[in-house]
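# Structure assessment
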Amino acid sequence: IAFRQNRDGEAEAGFRHVLRQVAGFPDAHYGLSLVLLEKGETEAAVEHAQFAKNVSPNDPRYLAQLGLSHVAAQNYPTAEGPLLQAV
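Because the structure is predicted, anything quoted here is derived from the model rather than measured. (Residues numbered from 1 in each chain as written. Predicted model: local features only at pLDDT ≥ 70, side-chain atom pairs only at ≥ 80, totals over all residues. Heavy atoms only, no water.)

### Focus: the environment of R61
Tracing the sequence through the fold places R61 in helix α4 (residues 60-72). Contacts of R61, omitting those with residues within four sequence positions, involve D27 and Y30. A distance of 3.4 Å separates a polar atom in the side chain of R61 from a polar atom in the side chain of Y62. (Helix = DSSP H or I, 4+ residues; strand = E, 2+ residues; numbered from the N terminus. Contact = heavy atoms within 4.5 Å. Polar contact = N/O pair within 3.5 Å; in protein donor to acceptor, adjacent residues only side chain to side chain.)

### Brief notes about the environment of L36
Within the secondary structure, L36 is located in helix α2 (residues 26-38). Discounting chain neighbours no more than four positions away, the residues touching L36 are E12, R16, E41, A44, A45 and H48.

### Side note on the nonpolar core
Ranked by size, the top nonpolar core spans eight residues in total: A2, F3, A11, Y30, L34, V35, A52 and Y62. Looking at this core element by element, the count peaks at three residues for α2. Excluding residues that lie within four positions of it along the chain, Y62 makes contacts with P26, D27, Y30, A52, K53 and S56. If you look at the next biggest cluster of nonpolar residues, it comprises five residues, including L19, L32, L36 and A45. (Core = buried A, V, L, I, M, F, W, Y, C linked by side-chain atoms within 4.5 Å. Buried < 20%, exposed > 50% of the residue type's maximum accessible area, 1.4 Å probe, protein only.)

### A closer look at the packing of aromatic side chains
Going through the model one piece at a time under the given rule, you end up with one aromatic pair. Pairing Y30 with Y62 gives two aromatic rings, centres 5.5 Å apart and planes at 50°, and the pair type is tilted. Linking Y30 in helix α2 with Y62 in helix α4, this pair joins segments that are 32 residues apart in sequence. Seen from the ring of Y30, R61 lies directly overhead, with NZ or CZ sitting 5.3 Å from the centre. (Phe/Tyr/Trp six-rings, centres within 6.5 Å; stacked < 30°, edge-to-face > 60°. Lys NZ or Arg CZ within 6 Å of the ring centre and 35° of its normal.)

### Considerations on α2
The terminal C-alpha atoms of α2, which comprises 13 residues, lie 19 Å apart, in line with the 18 Å expected from a rise of 1.5 Å per residue. Three or more residues of α2 are buried, namely P26, A28, H29, Y30, G31, L32, S33, L34, V35 and L36. The inward-facing, buried residues of α2 contact α1 (8-21), α3 (42-55) and α4. G40 sits one or two residues past α2 and shows a positive phi near 85°. (Expected span 1.5 Å × (residues − 1).)

### A word on α3
A rise of 1.5 Å per residue sets the reference length of α3, with its 14 residues, at 20 Å; its end C-alpha atoms lie 20 Å apart and thus fit the reference within 8%. Among the residues of α3, those classed as buried are T42, A45, V46, H48, A49 and A52. Next to the buried residues of α3 lie α1, α2 and α4.

### Notes on unusual backbone geometry
Within the chain, N6 stands out as a residue other than glycine whose phi angle is a positive 60°. Tracing the sequence through the fold places N6 in the segment before α1. N6 gets classed as exposed once you look at its relative accessible area, which sits at 67%.

Quick look at the structure:
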């Protein structure tokens, strides 16, 4: 909710709190990737999106976020696969 209300600092703190409790929770990695991408931290966004995708490899949200994170990092060839799979 905090992320959707543009309270990115609160959202990031919430996602990090969840990951301290359950390190492998893919939705928290996905959410953290969303926040980090908004902040321009593309490499960290890619890492968290990749983790979420590794846990649930066919979730279109995770695939799309991974692809968009790669686009933001200008890794265009790498972005194509997850984006196509998400569609």
